[in-house]
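Fold and geometry: a report
Residue-level listing of the chains:
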Amino acid sequence: MAPPAPAPAPVHHHHYYPAPPAQPDRPPRFSVSRLSPVRNGAALVAGLTLLPVSGKVFHICGDEPGVMMAALAVAGLLELRSNPHDRVRSWLVRVLTCNLLASSVVTPAGLYLYGYLATGVWS
């Protein structure tokens, strides 16, 4: 009888592929470094100045919490879609957001909305 054949030696294939070209990383959508206290403070002051106007608009709409909910949803979507490079438009969106957030605290429509969210009872 012949001796058993030796086991084949493992074969390693080394493939060297060139690294993919480096692509610049996109900046994050939100960055704290891009927040400007002066611009946001001015937007807050402008939003609070317009508070009587928005209160009358919500009163004309019947102080419905659904109107406030829709307005806050629109403001949130506009905040997400605002382009930070278009400084005037993004500032106006921030004014609207500040106005609606302040309105949701002091107008009957906002208080009804928070009551609905807390109790689940639509008044």
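Let me begin by describing the structure that accompanies this report.

End to end, helix α3 (residues 65-81) covers 24 Å across 17 residues, agreeing with the expected 24 Å (1.5 Å per residue, within 8%). Buried residues of α3: P65, M68, A71 and A75, and no others. Within α3, the buried residues cover an arc of 120 degrees as seen down the axis, which keeps them to one side. In α3, the exposed positions angled more than 90 degrees off the buried face are occupied by L77, L80 and R81. On its buried face, α3 sits against α2 (51-60), α4 (87-106) and α5 (108-119).

Most peptide bonds are trans, and most residues other than glycine sit at a negative phi. Look at D63: it is not a glycine, yet its phi comes out positive at around 50 degrees. Relative to the elements of secondary structure, D63 occurs in the loop between α2 and α3. Classification of D63 as buried rests on a relative accessible area of 13%.

Right, let's talk about the environment of V93 for a bit. Along the chain, V93 falls in helix α4. Excluding anything up to four places from it in sequence, V93 contacts L78, E79 and S82.

The next point concerns the pattern of salt bridges. Inspection of the entire model under this criterion finds two salt bridges. Between R89 and D86 there is a salt bridge whose closest N-O contact spans 3.8 Å.

Turning our attention to the side chain of S54. Following the sequence through the fold, S54 ends up in helix α2. With residues up to four places along the chain from it excluded, the contact list for S54 reads N99 and S103.

With that settled, consider the packing of α4 against α5. Put simply, α4 and α5 touch, their axes get as near as 5 Å, and they point 75 degrees apart. Judged by the inter-axis angle, α4 sits roughly perpendicular to α5. Across the interface between the two elements, S103, S104, V105 and V106 of α4 pack against P108, G110, L111 and Y114 of α5. In terms of residue class, the contact of α4 with α5 is made up of five nonpolar, three polar and no charged.

Reading the values: rules and limits
- Residues numbered from 1 in each chain as written.
- Predicted model: local features only at pLDDT ≥ 70, side-chain atom pairs only at ≥ 80, totals over all residues.
- Heavy atoms only, no water.
- Helix = DSSP H or I, 4+ residues; strand = E, 2+ residues; numbered from the N terminus.
- Expected span 1.5 Å × (residues − 1).
- Buried < 20%, exposed > 50% of the residue type's maximum accessible area, 1.4 Å probe, protein only.
- Arc of directions from axis to C-beta.
- Contact = heavy atoms within 4.5 Å.
- Salt bridge = Lys/Arg side-chain N within 4 Å of Asp/Glu carboxyl O.
- Axes fitted to C-alpha atoms, helices over the stretch in contact; angles between N-to-C directions.
- Parallel < 35°, antiparallel > 145°, perpendicular 65-115°, else oblique.
- Nonpolar A, V, L, I, M, F, W, Y, C, P; charged D, E, K, R; others polar.

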